[in-house]
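Here's the letter readout for the chains.
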2 protein chains.
Amino acid sequence: MTAGPFTFDLLAQDGAARAGVFHTPHGDIPTPIFAPVGTQATVKSLTQLELLSLDAKLILANTYHLYLRPGDDLVAALGGLHKFMAWDRPILTDSGGFQVFSLSDTRQVDEDGVTFKSHIDGSTHRFTPELSIAIQENLGADVIMAFDECAEPYDRDYNLQSMGRTHRWAERCLAAKTRADQALFGIVQGGVFPELRIASAEYIASLDFPGNAIGGLSVGETKAEMHAMLKLVNPVLPADKPRYLMGVGTPQDLVECVGLGIDIFDCVLPTRLARHNAAMSDSGRMNMMNAQYARDERPISEICTCYTCQTHSRAYIRHLIQAREMLSGTLLSIHNIHTLLTLAARLREAIFAGQYTDFARQYLMNLKQ
Amino acid sequence: MTAGPFTFDLLAQDGAARAGVFHTPHGDIPTPIFAPVGTQATVKSLTQLELLSLDAKLILANTYHLYLRPGDDLVAALGGLHKFMAWDRPILTDSGGFQVFSLSDTRQVDEDGVTFKSHIDGSTHRFTPELSIAIQENLGADVIMAFDECAEPYDRDYNLQSMGRTHRWAERCLAAKTRADQALFGIVQGGVFPELRIASAEYIASLDFPGNAIGGLSVGETKAEMHAMLKLVNPVLPADKPRYLMGVGTPQDLVECVGLGIDIFDCVLPTRLARHNAAMSDSGRMNMMNAQYARDERPISEICTCYTCQTHSRAYIRHLIQAREMLSGTLLSIHNIHTLLTLAARLREAIFAGQYTDFARQYLMNLKQ
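For the structure given in this document, a descriptive report is provided here. (Residues numbered from 1 in each chain as written. Chains lettered and ligands numbered in written order. Predicted model: local features only at pLDDT ≥ 70, side-chain atom pairs only at ≥ 80, totals over all residues.)

**A few points about the relation of the copies chain B and chain A**
Working step 1: Structural alignment of chain B on chain A gives an RMSD of 0.0 Å, achieved by rotating through 180° and translating 0.0 Å along the axis. The relationship between the two copies is best expressed as a two-fold rotation axis.
Working step 2: By residue overlap, the copies meet face to face through one surface: 100% of the interface positions of chain B are interface positions in chain A. (Least-squares fit on C-alpha atoms with pLDDT ≥ 70 in both. Contact = placed C-beta atoms within 7 Å.)

Next comes the structure, spelled out in structure tokens:
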């Protein structure tokens, strides 16, 4: 399989950290990059104009959610996800695999696919690799993902069995795929088991996807285990294809995992934290409901250039939270996403400058103070 | 009392309808005007940047709410309401009178003031005319309101008694006021009783406020009764001062009440309807949750120039509502506020053109189809 329009230019390396550009039909994605999550075709609480103002280059949407509501056929009939949600920049959809395993109460996995019950109304549905691809082709994102099983990380026997199935499903996804304007990424699984992760990376690499993802991490294992797996997997994955670490996205994760060779991140964390009144900052997480901010005229971060910090005080944001005004969620989402997008850009600069190690050490030291 | 910086230029009249400009320290307000309501120092679900993009000229905030949370002393310590909420255009605060009577479960009115319980925590508080003015001076809005009692509209004896008290309170507010950079407006009461309304308008007019408000309407009486009261009151109020109809703001109300000589409106309706999935339009209200919109690619209104209509389909907005995504509230608030702001501007144009009657007839005919 060739990459088609989806070439990846590796522009600089600093140790294992990489800076590049991934080309897609809806625009270029500079890497390292963080992708905000728009689960239901909306990054929660933000207008698309606000996302553009944040200069988000890539956003993610969830196949499981959009299949259930409003339905991928409806999205296709309305011209696809870009037109449906009025977002003309790159979009990535996951395969639905993770949500089937994390959101659905009842599920039955067999060699052919997964039968599950909707978290919305309990109705029964079935995903197969072929259906996941068909749904993702209806949605029409630039990057689509192979249908995989995200297994519990600590059961070796189950991970061995599940990994094999995920590999066979990856081949079925490749065979099912028909659209030339979408890049299909493979997904490495294997829990916390070094030999499984290496075997999975070798197998997925052999299928020559235009990009490769690492799944099944940040699902209960320790940070040390996650880092150990990345150290094993990334050197096996091809250097000339982007590497995407799925569902991971604290500031610390970005800094550490870029250092282990990751290019793309996504996570609901910035918007979820915002709805729980927390602000990300270079010195750690701030609970904006804290009484200490009641009369604090400073912005969340005095060095931040986001709309929220350029406009509003901690005292105002705390007032909105106390008064249960939804604007607090919007303002904190803007700040948190800006924090991750600019952190990715700073890491990219540091890599070009050959100063990744210094930057990372300094950043992580500040974070832990 | 002189108007100070708060002069009103009456620029055109067409029948009883008027077009003018009210000058304030934070900018000029063209009239007729609709003021979006920011009860708790935020127009619900909108950023101040969105309000600026909508070109809102005047917003309202509620003294009762801000006194209780975060406290007017805190707002004053942080530089006043304009700075606190980062809104550099004109602001109007009400007196707290209406909320004391509508939100507080228990209240005791006496000649000196009102004792009431907070709707937040049940704690006991007391407003007097002097305290209302002191709070409003702490908040620092451009236009502040006399402390009044909003009585049930149909009890004549009570309205007579209450109106007298409201008049005495208006004089106490005038005496208590100290800031030259705020305009204090008087409020006409009198329920649905013609002779009381006329007496109240005469009394309030005699106090020579820089602007006059009409309270106690749209609180349970019929539209016909409201219009009858406005027809009696407006000719008594001075023509060279703006007239503000408190808490009224459907499209129909704007068109009809401008025709009776009203200049300023405020209402929570556009944002409240938005949170209940309803869109205002020139042809009436639309329930955007309706299944008929599921695959409708058109904007809410095909002639609307708001961000929502320029960007999104009815189908997308319905999806957001079905998926319980808060973006639907933001997008509908933008559309509804835009609808009222541009309607006020269209009425102003019609008055300048001497075509108010034709415009109103056509508009109301379309609305009722």
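Here the narrative resumes, following the displayed structure.
**Some details on the packing of helix α10 (residues 251-258) of chain A against helix α14 (residues 327-352) of chain A**
Residue and element names in this part refer to chain A.
Working step 1: Look at α10 against α14: their axes get within 10 Å of each other, and the N-to-C directions meet at 20°. The angle between the axes of α10 and α14 places the two elements in the roughly parallel class. The hand of the α10/α14 crossing is right-handed. Contacts between α10 and α14 involve P251, L254, V255 and V258 on the former and, on the latter, T339, L340, L343, A344 and L347.
Working step 2: Broken down by class, the residue content of the contact of α10 with α14 amounts to eight nonpolar, one polar and no charged. (Axes fitted to C-alpha atoms, helices over the stretch in contact; angles between N-to-C directions. Helix = DSSP H or I, 4+ residues; strand = E, 2+ residues; numbered from the N terminus. Parallel < 35°, antiparallel > 145°, perpendicular 65-115°, else oblique. Left-handed = near helix turned anticlockwise from the far one by under 90°. Nonpolar A, V, L, I, M, F, W, Y, C, P; charged D, E, K, R; others polar.)

**Considering unusual backbone geometry**
Working step 1: With an omega of 10°, the peptide bond running from R69 of chain A to P70 of chain A counts as cis.
Working step 2: Structurally, the position occupied by P70 of chain A is in the loop between α2 (63-68) and α3 (72-77).
Working step 3: Cis geometry is adopted by the peptide bond preceding P32 of chain B, which originates at T31 of chain B and carries an omega value of 0°.
Working step 4: Here P32 of chain B lies in the loop between β3 (27-31) and β4 (33-36).
Working step 5: Phi at D208 of chain A is positive, roughly 55°, even though this residue is not glycine.
Working step 6: Exposure remark for D208 of chain A: the 14 C-beta atoms within 10 Å place this residue in the partly exposed category.
Working step 7: In this model, R324 of chain A sits at a positive phi of 55°, which is unusual for a non-glycine residue. (Buried ≥ 20, exposed ≤ 12 C-beta atoms within 10 Å, placed from the backbone.)

**Some thoughts on the pairing of strand β2 (residues 17-24) of chain A**
All names here are of chain A.
Working step 1: Counting buried positions over the eight residues of β2 gives six, a clear majority of the element.
Working step 2: Across six bridges, strand β1 (residues 8-14) lies against β2 in antiparallel orientation. Within β2, the residue paired with Q13 across the bridge is R18.
Working step 3: As judged from the five bridges shared by β2 and strand β3 (residues 27-31), these two strands associate in the antiparallel manner. Bridging across to β3, F22 finds its partner in I29.
Working step 4: Counting the residues that bridge the hairpin from β2 to β3 gives two residues. (Pairing = 2+ DSSP bridges.)

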